[in-house]
Every structure is written in structure tokens, then in C-alpha cells.
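Letter by letter, the chains look like this.
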Amino acid sequence: MMSVTLNKQQPQSGYTGCACRDCMDTTVSGDVTKPELCGLCEDAGCESFTVEAMQASDVTAGHFECQRDDAYGDE
Ligand SMILES: [Zn+2]
Ligand SMILES: [Zn+2]
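Described below are features of the structure shown in this document. Note that the structure is predicted; figures quoted are calculated from it, not measured.

**Details of the overall build of the protein**
Step number 1: Counting secondary structure elements, the protein contains 2 helices and 2 strands.
Step number 2: Its helices and strands in sequence order give the protein the pattern β-β-α-α, from N to C terminus.
Step number 3: Looking at the protein as a whole, 15% of its 75 residues are labelled buried.
Step number 4: Pairs at least 24 apart in sequence give 22% of the contacts found in the protein among residues at least 6 apart.

Structure representation (C-alpha cells):
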């Protein structure tokens, strides 16, 4: 990371955990303060889990469950 120049105006892209609540994958986000869904979760239609999203409406906890077929696989 020695080639990264410090610039406070620019969001810093980099690796973040997947925004999906149940997903442990790592993905690359354009802004590390705002995790994004990994590709598999995006394809599966997972919801990004944030406090704001959770409080925004009266969604149930299940709303944020990982939608991937392999979400709960024990590999
Ligand atoms: Zn994911
Ligand atoms: Zn997911």
C-alpha cells in the first residue's frame, strides 16, 4: 500500500467484509466505510445490512438473511 497517496476528499477503496449480514466473504468496495455486497450475494439478491436499513422500516431480521444457496453450507 505504499503507492497510495493520502487524500481525505476521496473515498478510499479497498477490501471490506461483505455487506450481507450473514456473509463472511471479503469484497472490494469503492468506499471502505460503506461495505458492498460481494458478487455472489449481489447475484442472490441479498440485502446490505446496515443499522440504517434495519431501522428504516419494520423489516424482520430474516429480511437480512443471506439469500445464497450456499449461505449455510458447512464447507
Ligand atoms: Zn456476500
Ligand atoms: Zn448474502
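**Quick look at the environment of Asp43**
Step number 1: Here Asp43 lies in helix α1 (residues 39-44).
Step number 2: Between the C-alpha atom of Asp43 and that of Gln67, which follows or precedes it by 24 residues, the distance is 9.1 Å.

**As for the environment of Asp22**
Step number 1: Note on placement: Asp22 falls in the loop between β1 (14-17) and β2 (26-29).
Step number 2: Between the alpha carbons of Asp22 and Ala71 there is a distance of 7.5 Å; along the sequence they are 49 residues apart.

**Remarks on the environment of Ser29**
Step number 1: Structurally, the position occupied by Ser29 is in strand β2.
Step number 2: The sequence separation of Ser29 and Pro11 amounts to 18 residues, and the corresponding C-alpha distance is 9.7 Å.
Step number 3: Sequence-distant contacts of Ser29, defined by excluding residues within four places in its chain, comprise Ser13, Gly14, Thr16, Lys34, Pro35 and Glu36.

What counts and how
Residues numbered from 1 in each chain as written. Chains lettered and ligands numbered in written order. Predicted model: local features only at pLDDT ≥ 70, side-chain atom pairs only at ≥ 80, totals over all residues. Helix = DSSP H or I, 4+ residues; strand = E, 2+ residues; numbered from the N terminus. Buried ≥ 20, exposed ≤ 12 C-beta atoms within 10 Å, placed from the backbone. Contact = placed C-beta atoms within 7 Å.

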